Structure formats: structure tokens, C-alpha cells
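# Coordinate analysis (summary)
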Amino acid sequence: MKAGNGLKALNAGLLAFFAIFFVLPILTTVKGAFFGPDGSFSMEFVLEVFANPIYGEGLWNSLWLAAWSTVGCLVVALPLSLIYVRCDYPGRTILNTLMLLPMVLPPFVGAIGVKAMLGTTGSLNSLLSGLGLMDSSQPIDWLGHSQMLGIVIMNVLHLYPILYLNVAAALGNLDPTLEEAAANLGCPPLKQFFRITIPLIMPGVFSGGTITFIWAFTELGVPLVFEYDRVTSVQIFNSLRDLSGNPFPYALVVVMLTCTALFFGLSKLLFNPSATGGGGGGRASMGREIKKLPASTGTLCALGFLSVIMLAVLPHAGVVLLSLARDWYGSVLPADFTMAHFQGALGHELTLRAVSNSLKYASLATFLDLVIGIGIAYIVVRTRLPGRQFLDAMSMMPLAVPGLVMAFGYLAMSREGGWFHWLRIGEDPVVLLIIAYSIRRLPYVVRAASAGLQQVSPALEEAAQNLGATPMRALQRITLPLVAPNLIAGGLLAFSFAMLEVSDSMVLAEQTRHYPITKAIYSLMASLGNGPSLAAALGVWAMIFLGVTMAGASILLGKRLGTLFR
Amino acid sequence: MVSISILNLTKRFARQTVLNQVSLEIEQGELFFLLGPSGCGKTTLLRHIAGFYEPDSGQIFFGPHDVTNVPPHERHTGMMFQSYALWPHLNVNENVAFGLEERSVPKSEIDHMVRDALEMVQLDGLGKRRIAQLSGGQQQRVALARALVIRPQVFLLDEPLSNLDAKLRLEMRSEIRRLCKQFGLTGIYVTHDREEALAMGDRLAVMDGGKIMQVGSPMEVYRHPANQMVAEFMGETNLIPGTVGRPCSREGLHDVETAAGVIRGRPSGDDFIPVQGQQVLLSIRPEALTFGLVGDTPNRFFGHVASATYLGSTVQYQMECAGGVTLKMSELNPMFLREPDGEQLRMMVSTRDVVILRR
């Protein structure tokens, strides 16, 4: 299709947007890591990260956390996705939908519940001493000794859906005749799995694994709630207090970014599509026959799914209990229930402002996402403009760049005396937060919009132009209505994730009156009195909210919801 | 190299019966075709023979052995898939070697056999290529080498040529037939392309709606279709309704009264003896009609040219005949075109080319 000047301008504008709000923050951070306060180049800050035992340990811990979280996700996701794609068992469809539930349950909120249950005076210890298995005067500090384990478990329970979706999609796309050909040539079923199936779904496993690894590597909320400061993400967060002139936070961020980029590049190199002959297992040339399991095995499978889901929901059930408890101390379950915290949460000065702040930031960010997302999708799908592949790749990059790095970059970019200081209107982070939120969640909107545009034949738009509609009118009357479900779904996802964005909020909102929900929850938790209960109540409100929007998105997108997380 | 017997095979998917009491005898070393429109059950039948489906009832024998419940990897068949099903993560050599490795053939022998197999399909030197680097025709040859290198006892082909262009298809036809005969393979070939079946097959079965309509040699099935479906599926034909008249004096022939006059033909199949007054259909192939003189037949049509289509090797006429009957006829190697000018022409057809079908 011929590209008009308007489209060319849009293309240039979008590229500029990415240059300023994606590349520049990263570059500023990188520069800060290599140039001291006096402006001289130096490698010493970055090298110091590796030399300093505290930073070194943090980095090491982050890597281990990420590795174990990814392994854990794989152990959960691989067998379950295999069963889902190949077999029929009771409740198959509903269980598959519920498997995605953890995506809507913010792990950082869940961690509050875990603390309530696993703390020294929590449910588990009360249960153990009640059963006479533990001396109540010498409680076991579960989280103290094994904070790492707690964080890994929270990460696994939150992130396994990403791998589950990716592997299930890879298995679903695998042409069944590729396995049949192996069977035909004398290969028994189990061996087929290892010689044919596993190598062919490797790209799917790795693309899911990469996202999981990076997510866990840079996770900030969960370790913060667990008060575990020996990981890089928390160290960066803590060092933000003395940003001016201190190059170490920059150096830490750069090291984190480099690790992420290395891992991302490595996985692309090792498991790029061409390494498996292009397109992995290709498109299925025929439908796969789903095996009907006998009642006993089928029930067992369903129970397997159910227990994973229950486990994933457990921390959040803890949050709900905490929010309902009048007093929960040294007992298995709260002794007395009350709705007061919900009212309290809505009445509290901090929370009310936080909710309205979040709504403002998130809706503006979503609007920005939709405008940019439609623009990018249109240019990528419908035009041959130069730079469109670059634009396409760029719009997916935020998935690979840790939120913490971006947040840090914005902070560095808008420092006093810099070109972009005006972005902080007074001390109000509203512009920065909106841009940060929207860049972070842009990939979902772009994916949703491109998927929609690809399904709408350009001939429909051409027919409208043929009948006298201007290109803009044709877009407005024909194409946009047809892709509306995709746009709404992508927008809902972007919105709900923005509402619960952790790293940007923690870093960029510095004053109480600008706190969004997540930072309000965090600061409530640290406060005395009924703070934790209020935090839990606020968390429950957030979960309800997120659940409703996700349900809406999944209804609109149907089965394609999964494609947004790949 | 075994014979294959299929006994009363029935398969239902959901509520639809895809195979309905199918029975077939396929002889050792013959290239047998399963032919039919899409959805007729031919691929399903082939996949039963390969072992990918288990029948709801019925049996399959390879020689004397009942293989109905033998899993696919123990059947020792070689299959060519419509999509080729070449593994993208393995190169050409590895694809071809796969079946030999599964049979624990020693490594040195595998190398040798793979090289021979690739040479056989004229792909020598391409062993290290990735599948994605091959053209469609080359991929097809890899699939052929992969299926044949294991010297299967049954060679199964599922529309293997449907993704190739016309010229390659012709080339591969003779290639596949040559290899089948060279190795003495019992081959079962699924296709919806009747020309392919006529050109390559020793025998063929026409299927429709999950049932076998007719089994026979290409010429038998083309010239003596068992019913209207086979007559129409195997090629262009003129179907003329009529009523059986008085028995004819000559052995095995019957006169049928039609709108275009009385036509004499023979019934389809030995078990069909038309009785006077029965409603029947006549099937006459366009190329059986001629403007020339045919001795020994009373069958004449009179009509004029309604339209003419010139196709190079033939010309096809649409003829308007008496009684509102329209006939398609084709003339080979035409020297001139007859104009649709209303001139009455005579067409004749031998009694051997008129088939009486049940109605």
C-alpha cells in the first residue's frame, strides 16, 4: 500500500519517541556508570560492583533466584502443558483458564499473605505448635532462614503461566505428522518425545524461559516485602536515596542490564527459529486427536492442575484472610473477622489518594499505549516504510529490559540540570510515570493490535476507499471497528498491569501525595498499627479490580489471550 | 512386501461415520490407489493401515498377521505424508537416517544406505542441507528417500504430489512408480487426482461417503463404472435418463428409450440385469461420440453445435439434440472447428461405450 506523508511523519514520530523515552534513559544510565561526577571516564565503578562483596553477593543471589525460579516454572509448566495439549480430562477448559489466574495476582501482594502465614507467629507455626510438633516459645523463623526459598516459590507461583502458555502454544502448533512420521519409521512413543517433540518445542520453551528468567532476575516487589536486601534489585532501590553524585547505583543498573541483555542474546542465538530449520514445528497441517483419558487417570490429571492452582492462590488467600481479620496473631486462622479494614482502606487518606493517583496514571498511560500501539501496528502490518522492522523490534524490547532499569533511567534522565528536567513538573512525577507505565506495557498493546490488523484483510479498507472514503475515514469506519475487540483487550491488560506496576512506582513516586497503589501498599505495610491489614485490604481491592479487567480481556480475546504473553 | 487384507473396517468420529464396513484385498507387490473426493474417508483408511487410528470394528491383516492393534512404530510401513513431515531440526542425512537408527542398523551401514537412498532420488550431495533450504520438489524427494530407505513391507503415500507444480508432478509420478516396481513394494496411494490414479495404479478403489464404490483396474473403472458416482468422478460423461425397452436380441445388450431416441448399451456390472420398464441412466463419455461412421451399432444422435471450445489437442462441442438432450462430445486432433450454425449433424457411439446405470 502506498504510504502517505502523514504515515511517514507518524513513523518518524514513533521512532523519535522510542529514541527519547526508551534509548535515552538507558544511555543516560550507562553514561552515569562510566563517568564519575567530575565527568571523567572510568571503569572503576562497574568493576567495583564485582569487587565489592555486598554487591557481588547481591548479583550472585539475583542470578540464583532467577535460575531456580525458571527451573521451578519449567517443572510446573512442562508436564501440565503437555497433558493439556494432548489429553482430555474432566474440567479441561476451565482448569486451563484458571491456570492463568496467578498472572492477575500480584506476587508482591501475595507476599504479604505469605508473611502472615509463614511468619514466626503465623499460621504454620501456630499449626505446628498446636499439633505439638514445635515448641511455641522457640518458633521457627521460616522466612528468616530461607528467604531465598520464599522468593523463589513466590516467583514460580506467579510466573509459571508464562511458560505454560508458551509451551502449550509450541505444542499446539507442532505438526502432528512430524511425530507420526517418527512412529511410522519405528520410533516408540517415549523416544518420539525426546527425539522429535522436545527439540521442536525448544524455541517456545526458551522464549517463555527468557521472560521468566528476566522477570525473576529483576523482581523488586517480592524481595522488598520479604525484607531481603541481598539482591541487586533491592540494592539499587535502596541506593536511590543518594542518587546525586553516587555512580554505584548506575553501575549496578548497568551490570543488571548487561546480564539481561547477555541472557536474552544468548537465548536468541541458541534457539533462534533458523536453528531448528525455521518456524519450529511449523503450522499444524492437520488437527491433533485429543486422547480421552480413562476416568481414574483423568481425575488424577485434573487434581494435578487443581493443586497447582490452589498453591498459586494460597498466598492471596492469606491476603484476603489478613484483610478480614480483626486480629491475627499466633493462630492458624484469624479468631475474629471484620469488614472494617476494607472501609478503612477506602477511608484512609493515603489509600484514597493512591487509588485516584493510580487511576489517573494508568488510564493516561493506557491511552498513550493505544495511540502509539495502533500507530506502530498499522505501520508494521500495512506499510513498507523504512525502519518498520526496527520499530517492530523496538516495541517488543521493553519485555526484555527490566522495569527497574527503565525507572532508574527516567530518574537519571530528568535529574536537575539535565535537558529533560522539565518532565518533572515541579516534583510531580505524573509525566514520567505515565511514560514509564506505557513503555513497559506497550508490547501487549502492539501485539494485540497487530494480531487484529493481520486478521483484517486490507481489501476491506481498499473497498471503502474505492467507494469514496478517504484513507483516514476508511481506517475509522472499517478497520478500527473490526479490530476493536483486540484493542480493548490489549488496553485492558495494559491498564490493569499499570495499576499494579511495582518498580516504576517505587522508584519514580517520591512524595506521599504522588504515591500510586503499589507504593501505598508498601508504605502501609511498614507502618505500625493496622497498617498491614489496611495494606491487605487495599491489595484485595486491587486483585478484584485486576481480576475483573482480565476476565473482560479474556472474553474479548478468547483463546488468543495467551498470545499476548509470548 | 506383503498382501494386505482389510475386513469390515468401521470408524466413527463423533457422530459421523467416516469408514463404513470397508473391505479390501490388496495384492503383494501391487501399487493400489485409493481415490475419491475430499471427505470420502480415503486418508482415514490409509491412516488405519499405518496404525495412527484404531478402528471401531473390523480387522487389518498384513499377510497372515492381524495388525489391527499393533502400534504404528511396530508395523514396518514407510509413509509419505502430504505435508512431507520432514523434521526441521534435523538435516537431510539425519532425516533419512532416522528410521535406520530406530532399527539399530550399524553406523557404517547407515551412512552407506543414506548415501544410496539420496542418490536414488537424485539428491546426492545435499545431505548436509537443512530442510528449510530445500525446494518443495527436493523436500518431496527427501520424504521419498526417508520412507524407502528402511525397505518397508508396505509403502503408504498420502497425496504426496499435491503440493508440487504440474511439471514436477508428472516427473515424480513415473519416478515413484519406477521405485515401487524396482523394490517390489506393496504400495497404497491416496489421491483425489483421477489422472494420477489412472496413470500410475495397477488397481484402484473409488471411495465415497466412507464406502468403497468400485475396485478394479484403471481401464475397468473408467470404462465400466459401477454407478453414477464413479462414472462422474472418473471423468466427464453424458448422463441420459431413460426407460429399459424390450430385451435385445444380442447377448448382454439392452435397448433403452430416451428423449433422443432408442440407445443400445450394456449394464454396469455382472449383477445388474435391467428389466423392461425400469428407469435407468445411460453414461456416455464425450470422446466415445463421433461424427464418423461406426459399424455394428444402431446408436445415433442428431443435433447441432451449440458451442465449441478449442483446447489444442481436442475440441469440445456442446451439442443440442432432439428431445432437449444436450451432449458433450470431444474430437481429438481437430483440423477445423464446426461453427454453431444450426446444421444438423449425426453422432454415433458404439454399444460398448454406452453403460446402463441403476437409477
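Residues numbered from 1 in each chain as written. Chains lettered and ligands numbered in written order. Predicted model: local features only at pLDDT ≥ 70, side-chain atom pairs only at ≥ 80, totals over all residues. Heavy atoms only, no water.

## Some words on the overall build of chain B
The criterion, for reference: Secondary structure follows DSSP: runs of H or I at least 4 residues long count as helices, runs of E at least 2 residues long count as strands, and numbering of each begins at the N terminus. In what follows, residue pairs with any heavy atoms lying within 4.5 Å of each other are defined as contacts. The accessible surface values rely on the Shrake-Rupley method and a 1.4 Å probe; as for residues, cover is taken only from the protein chains in view. When charges are tallied, Lys and Arg are placed among the positive residues and Asp and Glu among the negative ones, while His and the ends of the chain are skipped. For the purpose of locating charges, the reference atoms are NZ of Lys, CZ of Arg, CG of Asp and CD of Glu.
The helix and strand inventory of chain B stands at eight helices and 19 strands. Each principal axis of the C-alpha atoms in chain B carries an extent, and together these give about 75 × 45 × 35 Å. Taking the contacts inside chain B whose residues are at least 6 apart along the sequence as the reference set, 67% of them involve residues at least 24 apart. Surface summary for chain B: the accessible area is close to 16,000 Å², and the carbon and sulfur share equals 48%. If the 37 positive side-chain charges of chain B are averaged to one point and the 41 negative ones to another, these points end up 1 Å apart.

## With respect to the environment of A:Gly531
Here A:Gly531 is to be found in helix 25 (residues 531-557). For the pair A:Gly531 and A:His341, spaced 190 residues apart in sequence, the C-alpha separation works out to 9.5 Å.

## Observations concerning the domain arrangement of chain B
Residue and element names in this part refer to chain B. Definition in use: Residue ranges labeled as domains rest on an automatic or database domain assignment. Throughout, buried area stands for the accessible area (probe radius 1.4 Å) lost by two parts on being put together, summed over both. By definition here, a salt bridge exists when the distance from a side-chain nitrogen of Lys or Arg to a carboxyl oxygen of Asp or Glu is within 4 Å.
As assigned here, chain B comprises domain 1 (4-228) and domain 2 (236-358). Counting residues at the interface gives seven residues for domain 1, matched by ten residues for domain 2. Between domain 1 and domain 2 lies a buried interface of about 790 Å² when both sides are counted; carbon and sulfur atoms form 43% of it. Sorting the residues of domain 1 by area buried against domain 2 places Tyr222, Arg223 and Gln228 first, and these three jointly supply 58% of that buried surface. Linking domain 1 with domain 2 are one salt bridge, by the criterion used here.

## Observations regarding the interface of chain A and chain B
As a reminder of what qualifies: N or O atoms within 3.5 Å of each other form a polar contact, as long as, within protein, one can give a hydrogen and the other can take it, and as long as residues adjacent in sequence are counted only when both atoms are side-chain atoms. Residues are grouped as follows: Ala, Val, Leu, Ile, Met, Phe, Trp, Tyr, Cys and Pro are nonpolar; Asp, Glu, Lys and Arg are charged; every other residue, Gly included, is polar.
Contact residues are listed per partner, giving 27 residues for chain A and 25 residues for chain B. Buried area between chain A and chain B, summed over both chains or domains, comes out near 2,200 Å², and the portion from carbon and sulfur atoms is 59%. Taken as a group, A:Asn184, A:Leu185 and A:Arg195 account for 32% of the area that chain A buries against chain B, more than any other trio of residues on that side. Taking the shortest distance from any N to any O, the salt bridge between B:Glu102 and A:Lys191 comes out at 3.1 Å. Here chain A and chain B share eleven residue pairs in polar contact (both at pLDDT 80 or more) between them. Elements that contribute at least two residues to the side of chain A that touches chain B include exactly helix 10 (176-184) and helix 11 (189-218) of chain A. Classifying every residue of the side of chain A that touches chain B gives 13 nonpolar, nine polar and five charged.

## A few points about the packing of helix 17 (residues 349-382) of chain A against helix 18 (residues 388-396) of chain A
Residues and elements named next belong to chain A. Here is the rule we go by: Here an angle of 0 to 180 degrees is reported between the N-to-C directions of two axes, which are lines fitted to C-alpha atoms, with helices fitted over the stretch in contact. Should an angle fall under 35 degrees it is called roughly parallel, over 145 degrees roughly antiparallel, and 65 to 115 degrees roughly perpendicular, with every other angle called oblique. We call a crossing left-handed when the near helix sits turned anticlockwise from the far one by less than a right angle, and right-handed when that turn is clockwise.
In contact at an axis separation of 9 Å, helix 17 and helix 18 are set at 135° when each is read in the N-to-C sense. The angle between helix 17 and helix 18 places the two elements in the oblique class. In terms of crossing hand, the pair formed by helix 17 and helix 18 is left-handed. Contacts between helix 17 and helix 18 involve Ile376, Ile379 and Val380 from the former and Arg388, Leu391, Asp392 and Ser395 from the latter. A class-by-class count of the residues in the contact of helix 17 with helix 18 yields four nonpolar, one polar and two charged.

## Considerations on the sheet that holds strand 11 (residues 238-247) of chain B
Residues and elements named next belong to chain B. Short version of the rule: Only strands joined by at least two bridges in the DSSP assignment are considered to pair.
The five strands are arranged 11-12-13-19-14 in a closed barrel whose pairing can be described as mixed. Between one strand axis and the next, the sheet turns by 55° as a mean value, whatever way the strands run. In this sheet, strand 14 (residues 279-284) lies alongside strand 11 in antiparallel orientation, the contact comprising six bridges. Along strand 14, the bridge assignment pairs Asn238 with Ile284.

## Quick notes on unusual backbone geometry
Residues and elements named next belong to chain B. Within the chain, Ala85 stands out as a residue other than glycine whose phi angle is a positive 50°. The topology assignment puts Ala85 in the loop between strand 6 (77-80) and helix 2 (92-102). Despite not being glycine, Gln122 has its phi angle at roughly 60°, a positive value. Within the secondary structure layout, Gln122 lies in the loop between helix 3 (107-120) and helix 4 (136-148).

## Side note on the pairing of strand 4 (residues 57-62) of chain B
Residues and elements named next belong to chain B. Sheet topology places strand 1 (residues 4-13) next to strand 4; five bridges connect them, and they run antiparallel. Following the sheet pairing, Leu7 is matched in strand 4 by Gln59. Taken together, the two bridges between strand 4 and strand 5 (residues 65-66) define a ladder with antiparallel strand orientation. Residue pairing across strands places Phe61 opposite Asp66, the latter belonging to strand 5. Hairpin connection, strand 4 to strand 5: the antiparallel pair is bridged by two residues, and Gly63 has positive phi, about 60°.

## Remarks on a nonpolar patch on the surface
Residue and element names in this part refer to chain A. Just so we agree on the cut-off: Like-charged residues within 9 Å of one another, or nonpolar side chains (Val, Leu, Ile, Met, Phe, Trp, Tyr) within 5 Å, are grouped into patches, provided each residue has over 30% relative accessible area and no salt bridge. Relative accessibility thresholds used throughout: buried, under 20% of the residue-type maximum; exposed, over 50%; partly exposed, between the two (1.4 Å probe, protein chains only).
Together, Trp60, Trp64, Trp68, Val71 and Val75 make up an exposed nonpolar region whose accessible area comes to about 560 Å². Looking at the element boundaries, Trp68 is found in helix 3 (residues 53-86). Judged by relative accessible area, which is 48%, Trp68 ranks as partly exposed.

## Some remarks on the packing of helix 17 of chain A against helix 20 (residues 430-455) of chain A
Packed helices, taken two at a time, are described by the angle between their axes plus the distance between the axes. Residues and elements named next belong to chain A. For the pair helix 17 and helix 20, interaxial distance at closest approach is 6 Å and the crossing angle is 40°. Our classification of the angle between helix 17 and helix 20 gives oblique. Two packed elements cross with a definite hand, and for helix 17 against helix 20 that hand is right-handed. In the contact of helix 17 with helix 20, the residues fall into 21 nonpolar, four polar and four charged.

## Thoughts on the nonpolar core
What counts, and what does not: Remark: nonpolar core denotes a set of buried residues (Ala, Val, Leu, Ile, Met, Phe, Trp, Tyr, Cys) joined through side-chain atoms within 4.5 Å.
If you look at the biggest cluster of nonpolar residues, it comprises 155 residues, and the most contacted ones within it are A:Tyr89, A:Ile376 and A:Tyr410. A total of 15 residues in this core trace back to one element, the largest contributor, which is helix 9 (residues 147-173) of chain A. Beyond its immediate sequence surroundings of up to four residues, A:Tyr89 is in contact with A:Ile83, A:Tyr84, A:Leu95, A:Leu293, A:Gly298, A:Cys301, A:Ala302 and A:Phe305. Counting 89 residues, the second-largest nonpolar core is a separate cluster that includes B:Leu134, B:Ile150, B:Val154 and B:Val230.

## Observations concerning the pattern of salt bridges
The tally for this structure, following the rule as stated, stands at 20 salt bridges over all chains. Between A:Glu180 and B:Arg47 there is a salt bridge, and its shortest N-O distance comes to 2.4 Å. One end of the pair, A:Glu180, is in helix 10; the other, B:Arg47, is in helix 1 (residues 42-50), on a second chain. Given a relative accessible area of 5%, B:Arg47 falls into the buried group. Of the charged contacts, one joins B:Arg141 and B:Glu175 as a salt bridge, the two residues approaching to 3.7 Å between their closest N and O atoms. You can see B:Arg141 sitting in helix 4 and its partner B:Glu175 sitting in helix 5 (residues 166-183), a full 34 residues away along the chain. Beyond isolated ion pairs, a larger network of salt bridges with shared partners links B:Arg141, B:Lys167, B:Glu171, B:Glu175 and B:Arg178.

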